[in-house]
Amino acid sequence: MKIRDAKVIVALDFDDVTLANDLIAKLDPNACRLKIGKEMFTYFGPEWVKQVIEMGFDVFLDLKFHDIPNTVAKACKAAASLGVWMVNVHASGGEVMMKAAKEALDSVSGRRPLLTAVTVLTSMDQEQLDAVMGNTPIQEQVKKLALLAQNCGLDGIVCSAQEAKALRTLVDPNFALVTPGIRPEGSDKGDQKRIATPKTAMADGVSYLVIGRPITQSDSPLDSLDAINQSIIDYLR
């Protein structure tokens, strides 16, 4: 199934490069993008990321940079040199750090990756956030960090679909909302706390849906991907 602007980002989660490559070979770069996180990047390295990109896939390099501004800027520029489609930072790193990351990416030649910021991890619930933030509602923390990221010139944020509906009324229409924790009806929610179905997420204004196990652990990953894409197409009609 060829999609003009694929909304599904398949979250890869492997510690064996052969298994990862076998799964990728079953997918279609015209129908999805891929997310590569810390574990796989640490195991397989930047050269493997380049190989995946050479296979035709847009890659979201999900390393969630959070450090002093100069270090984050250099890391983002290094990610851009790999040819990735999207890279992210933690919005809680603050204004100076996010602006440094944006300036670094604005200076690269060739295709500039999208720069998004993580707000509150979708694995966190209110009790966990209270342990580190005091009495701050998740929705308010996400809203504050989303507006900060937008004001810093970033392309979007990573948030849960549960915050997307309210955020879509606050941020610019072209400000991307990238949502992990997407589970088709009947799927196990895994370690995610704040989840939604693809249809609900799209209805709430999500730009890109990050979906892992319902595709990667399926007996037929491409069929599962196509079914999700078809549900999105049916909703958008």
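Because the structure is a prediction, the values reported are computed rather than measured.

This next bit is on the overall build of the protein chain. When helices and strands are counted, the protein chain shows ten helices and eight strands. Relative to a compact globule of 237 residues, whose C-alpha radius of gyration would be 18 Å, the protein chain shows 17 Å and is just as compact. Taken along the three principal axes of its C-alpha coordinates, the protein chain extends 45 × 35 × 35 Å. Buried residues in the protein chain amount to 52% of all 237 residues. Taking the contacts inside the protein chain whose residues are at least 6 apart along the sequence as the reference set, 69% of them involve residues at least 24 apart. Accessible area for the protein chain stands at about 11,000 Å²; split by element, carbon and sulfur atoms hold 49% of it. Across the protein chain, the centroid of the 26 positively charged side chains sits 5 Å from that of the 30 negatively charged ones.

Next up on the list: the pattern of salt bridges. Summed over the entire model, instances satisfying the criterion amount to twelve salt bridges. One salt bridge in this structure joins E47 and K50, with 3.4 Å as the shortest N-O distance. With E47 and K50 both in helix α2 (residues 38-54), this residue pair falls three residues apart, about one helical turn. Of the charged contacts in the structure, one is a salt bridge between D62 and K64, with a shortest N-O distance of 2.9 Å. Given the relative accessible area of 7%, D62 is considered buried. Each member of the salt-bridge network shares a partner with another, and the members are D5, K7, R33, D58 and R111.

Moving on to the UniProt feature "active site" (unreviewed entry) in the protein chain. Following the UniProt record, the feature "active site" (unreviewed entry) maps to D62, K64 and D67 here. Ignoring any residue separated from it by four or fewer positions in sequence, one finds D62 in contact with K35, I36, G37, K38 and N88. Among the polar contacts made by the side chain of D62, one reaches the side chain of K64 at a distance of 2.9 Å.

Two aromatic rings are characterised by how far apart their centres lie and by the angle between their planes. Summed over the entire model, instances satisfying the criterion amount to three aromatic pairs. Considering the side-chain rings of F44 and W48, the 5.2 Å spacing of their centres and the 65 degrees angle between planes classify their relative orientation as edge-to-face. Within this pair, F44 and its partner W48 are both found in helix α2, separated by four residues, close to a single helical turn. By way of ring pairs, the aromatic residues Y43, F44 and W48 are connected into one cluster. Above the ring of Y208, the side-chain terminus of K7 is found at 5.5 Å from the ring centroid. One cation-aromatic arrangement involves R33 over W85; the distance from NZ or CZ to the ring centre is 4.2 Å.

Going residue by residue along strand β1 (residues 8-11), you find V8 and V10 tucked away on one face and I9 and A11 tucked away on the opposite face as well. Both β1 and strand β8 (residues 208-211) contribute to a ladder of three bridges, which runs parallel. From the neighbouring strand, V8 faces β8, where its bridge partner is L209. Examined bridge by bridge, β1 and strand β2 (residues 33-37) share three bridges and lie parallel to one another. Residue pairing in the sheet places V10 in a bridge with L34 of β2. In this fold, the crossover linking β1 to β2 by way of helix α1 (residues 17-25) has right-handed handedness.

Thresholds, definitions, all that
- Residues numbered from 1 in each chain as written.
- Predicted model: local features only at pLDDT ≥ 70, side-chain atom pairs only at ≥ 80, totals over all residues.
- Heavy atoms only, no water.
- Helix = DSSP H or I, 4+ residues; strand = E, 2+ residues; numbered from the N terminus.
- Rg over C-alpha atoms; globule rule 2.2 N^0.38 Å.
- Buried < 20%, exposed > 50% of the residue type's maximum accessible area, 1.4 Å probe, protein only.
- Contact = heavy atoms within 4.5 Å.
- Areas by Shrake-Rupley, 256 points an atom, 1.4 Å probe, with all protein chains shown as cover.
- Lys, Arg positive; Asp, Glu negative; His and termini not counted.
- Charge placed at Lys NZ, Arg CZ, Asp CG, Glu CD.
- Salt bridge = Lys/Arg side-chain N within 4 Å of Asp/Glu carboxyl O.
- UniProt positions renumbered as here; feature names shortened; annotations may be inferred.
- Polar contact = N/O pair within 3.5 Å; in protein donor to acceptor, adjacent residues only side chain to side chain.
- Phe/Tyr/Trp six-rings, centres within 6.5 Å; stacked < 30°, edge-to-face > 60°.
- Lys NZ or Arg CZ within 6 Å of the ring centre and 35° of its normal.
- Pairing = 2+ DSSP bridges.
- Right-handed = clockwise from strand over helix to strand, strands pointing away.

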